[in-house]
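Observations on the three-dimensional arrangement
Read off the chains here:
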Amino acid sequence: MSLTVAVVGAGAFGARHVAAYASLGVRVGALVDPDPAVRENLASAFGVPRTFARVEELIEAVRPEAASVCSPGHAHRDAAVTLMTAGIPVLVEKPLADTVRDAEEIVAVSESTGVLCQPGHILRFSAPHRALYDALRAGELGEVLAVSSRRDRSRALSRLYPGAHPAMLTAVHDIDLALWYSGSPVTEVRAVTQSRSGAVSPVLVWAELRHESGVVSSIRNAYLLPESSPNPTSDLVEVYGSGGVGHVDLAHPTLLVQAERTQAPDWLISPPGGGGALAAELRHFLDRVAGAQPPETVRPADGLHVVRVAAALIDSAEAGGAHRRLSPV
Ligand SMILES: NC(=O)c1ccc[n+]([C@@H]2O[C@H](COP(=O)([O-])OP(=O)(O)OC[C@H]3O[C@@H](n4cnc5c(N)ncnc54)[C@H](O)[C@@H]3O)[C@@H](O)[C@H]2O)c1
């Protein structure tokens, strides 16, 4: 594909985007990062020809046809709004923004300009998570009654993202899964957090969600695994339906079929060398940029709803686990 793509934010996940584009045969034409060493290192690792400190310089000099926004959440609004106002489609990493106000502005600009904005809810592109979704939509589990989602991470997250609340940093994945699998917006939440000495932000969030349809969801995220843990995840999502229960367990990825032909789902989310769910997500983004119209897998409004729910979880936890209602969408 000959589109010129830019990546804004050349840190850990920006590097994964560059690798995933490369695995699709798409060359990233430019990087933006205020840190010259960071952007030059990534550019030289992947042969990216141009780098810039600011999005405005990128637009002036290169005018890319699409961009991934991989800067920290507080910087998503400025980058996404500037790019969309210049007519450039954006894939904005999760969370769509780290405040409801910023997320609302991003969605409003996408709507008023008509420029594509795809929130980076990567698990909608993960093969096993998608297989469970397809089974649900085919009615194999009957009516969805409840969703349960667990996500453990290493203590390194408290060190690498010292000011980030786990509700906004990682539980957004679980909120999005609950939204996607239930097919129903969240109307009420209750959450509690726990802290660990030495960590600036909470290291654990436990939350209950009630959806408009009556589905209940349970979310548990914790950053307590040792940094040396060989398997720094225990990701498990379970969907309880009137006709059965479905599980996606990334803690124990297992081949499904080993026979004449080995069939295994692609468990990889964002491998350093490209591929995985991230490449599938970027493929979907580029197909939409190119005018092919596959079904819209994740809408800007989904990204905004996830941020609203995460903000309500933080508010609930700060009020000692009080119930918080979300206004109808
Ligand atoms: N989908 C996923 O599974 C997943 C995983 C990890 C991170 N992320 C998301 O990716 C984004 C980046 O996370 P990260 O882990 O790469 O963080 P990081 O701190 O490693 O990198 C962020 C980079 O952005 C740069 N930056 C800061 N302000 C900027 C601005 N105004 N314009 C351009 N660049 C700017 C920083 O200099 C840094 O190099 C976050 O939104 C994060 O939530 C998503």
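Computed from a predicted model, the values in this text were never measured in an experiment. (Residues numbered from 1 in each chain as written. Predicted model: local features only at pLDDT ≥ 70, side-chain atom pairs only at ≥ 80, totals over all residues. Heavy atoms only, no water.)

What about a nonpolar patch on the surface?
- A cluster of nonpolar side chains, contributed by Leu145, Tyr240 and Val245, occupies part of the molecular surface with about 250 Å² of accessible area.
- As for its placement among the helices and strands, Val245 is situated in strand S12 (residues 244–249). (Patch = residues over 30% accessible without salt bridge, like charges linked within 9 Å, V, L, I, M, F, W, Y side chains within 5 Å. Areas by Shrake-Rupley, 256 points an atom, 1.4 Å probe, with all protein chains shown as cover. Salt bridge = Lys/Arg side-chain N within 4 Å of Asp/Glu carboxyl O. Helix = DSSP H or I, 4+ residues; strand = E, 2+ residues; numbered from the N terminus.)

A few points about the sheet that holds S12
- Across the sheet, which stays open at both edges, the seven strands sit in the order S12-S11-S7-S10-S9-S8-S13 with mixed pairing between neighbours. The outermost strands of the open sheet, each flanked by one partner alone, are S12 and strand S13 (324–325).
- Summarising the sheet, strand S9 (residues 204–211) and strand S10 (residues 216–225) pair through seven bridges and their orientation is antiparallel. In the sheet register, Leu204 faces S10, and the bridge partner there is Ala222.
- Contacting strand S7 (144–154), strand S11 (236–241) and S12, helix H6 (residues 127–137) crosses the sheet at an angle of about 165° to S12.
- With respect to the sheet, helix H9 (residues 171–182) is in contact with S7, S9, S10 and S11, its orientation differing from that of S7 by roughly 160°. (Pairing = 2+ DSSP bridges. Contact = heavy atoms within 4.5 Å. Axes fitted to C-alpha atoms, helices over the stretch in contact; angles between N-to-C directions.)

Details of the site of the ligand
- With respect to spatial proximity, 21 residues lie near the ligand, and among them Ala12, Phe13, Asp33, Lys94 and Tyr161 are the closest.
- At 2.7 Å from an oxygen atom of the ligand is found a main-chain nitrogen or oxygen belonging to Phe13.
- Between His173 and the ligand, the recorded distance is 3.5 Å, taken from a side-chain N or O atom to an oxygen atom.
- Relative to its free-state accessible area of 850 Å², the ligand is covered by the protein chains to the extent of 76%.
- For the shell around the ligand, the leading source of residues is helix H1 (residues 12–23), giving three residues. (Near = heavy atom within 4 Å. Polar contact = N/O pair within 3.5 Å; in protein donor to acceptor, adjacent residues only side chain to side chain.)

Describing the sheet that holds strand S4 (residues 66–69)
- With parallel pairing, the six strands of this open sheet are ordered in space as S3-S2-S1-S4-S5-S6. Every interior strand has two partners, whereas the edge strands, strand S3 (50–52) and strand S6 (117–120), have only one. Along the sheet, successive strands turn relative to each other by an average axial angle of 20°, direction set aside.
- Sheet analysis places S4 next to strand S5 (residues 90–93), joined by three bridges and oriented parallel. Bridging across to S5, Val69 finds its partner in Val92.
- Lying over the sheet, helix H4 (residues 76–85) contacts strand S1 (5–8), S4, S5 and S6, oriented at roughly 175° with respect to S5.

So, the packing of aromatic side chains
- Following the criterion strictly, the structure yields two aromatic pairs and no others.
- Aromatic pair Tyr133 and Trp180: ring centres 4.3 Å apart, planes at 5°, arrangement stacked. One end of the pair, Tyr133, is in helix H6; the other, Trp180, is in helix H9, and 47 residues separate them in sequence.
- Judged by centre distance (5.3 Å) and plane angle (25°), the ring pair of Trp180 and Tyr181 falls under stacked. (Phe/Tyr/Trp six-rings, centres within 6.5 Å; stacked < 30°, edge-to-face > 60°.)

Re the pattern of salt bridges
- Applying the stated criterion across every chain, the model contains 17 salt bridges.
- The partner of Asp174 in a salt bridge is Arg151, and the shortest N-O contact between them spans 2.9 Å. Here Arg151 lies in strand S7 and Asp174 lies in helix H9, a separation of 23 residues in the sequence.
- What makes Asp174 buried here is its relative accessible area of 0%.
- By relative accessible area, Arg151 is classed as buried at 5%.
- In this structure, the salt-bridge partner of Glu227 is Arg159, at a minimum N-O distance of 2.7 Å. Here Arg159 lies in helix H7 (residues 156–160) and Glu227 lies in the loop between S10 and S11, a separation of 68 residues in the sequence.
- Beyond isolated ion pairs, a larger network of salt bridges with shared partners links Arg77, Asp78, Asp102 and Glu105. (Buried < 20%, exposed > 50% of the residue type's maximum accessible area, 1.4 Å probe, protein only.)

Re the packing of H1 against helix H10 (residues 276–289)
- The geometry of H1 relative to H10 is characterised by a closest axis approach of 9 Å and an angle of 70° between their N-to-C directions. Relative to H10, the element H1 is oriented roughly perpendicular. The interaxial crossing formed by H1 with H10 has right-handed handedness. Facing H1, whose interface residues are Phe13, Arg16, His17, Ala20, Tyr21 and Ser23, H10 presents Leu278, Ala279, Leu282, Phe285 and Leu286. (Parallel < 35°, antiparallel > 145°, perpendicular 65-115°, else oblique. Left-handed = near helix turned anticlockwise from the far one by under 90°.)

Some remarks on the packing of H4 against helix H5 (residues 100–113)
- Here H4 crosses H5 at 5°, and the two axes come no closer than 9 Å. Judged by the angle between their axes, H4 and H5 are roughly parallel. Only Asp102, Glu105, Ile106, Val109, Ser110 and Thr113 of H5 make contact with H4, whose side of the interface consists of His76, Arg77, Ala80, Val81, Met84 and Thr85.
- Residue composition of the contact of H4 with H5, grouped by class: five nonpolar, four polar and three charged. (Nonpolar A, V, L, I, M, F, W, Y, C, P; charged D, E, K, R; others polar.)

Quick look at H10
- Taking 1.5 Å of rise per residue, 14 residues should cover 20 Å, and H10 covers 20 Å from first to last C-alpha, within 8% of that figure.
- For H10, the full list of buried residues reads Gly276, Ala277, Leu278, Ala279, Glu281, Leu282, His284, Phe285, Leu286 and Arg288.
- Buried positions along H10 lie against S1, H1, S4, S5 and S6. (Expected span 1.5 Å × (residues − 1).)

Considering unusual backbone geometry
- A cis geometry characterises the amide bond from Lys94 onward to Pro95, with omega recorded as -15°.
- Summarising the element assignment, Pro95 is placed in the loop between S5 and H5.

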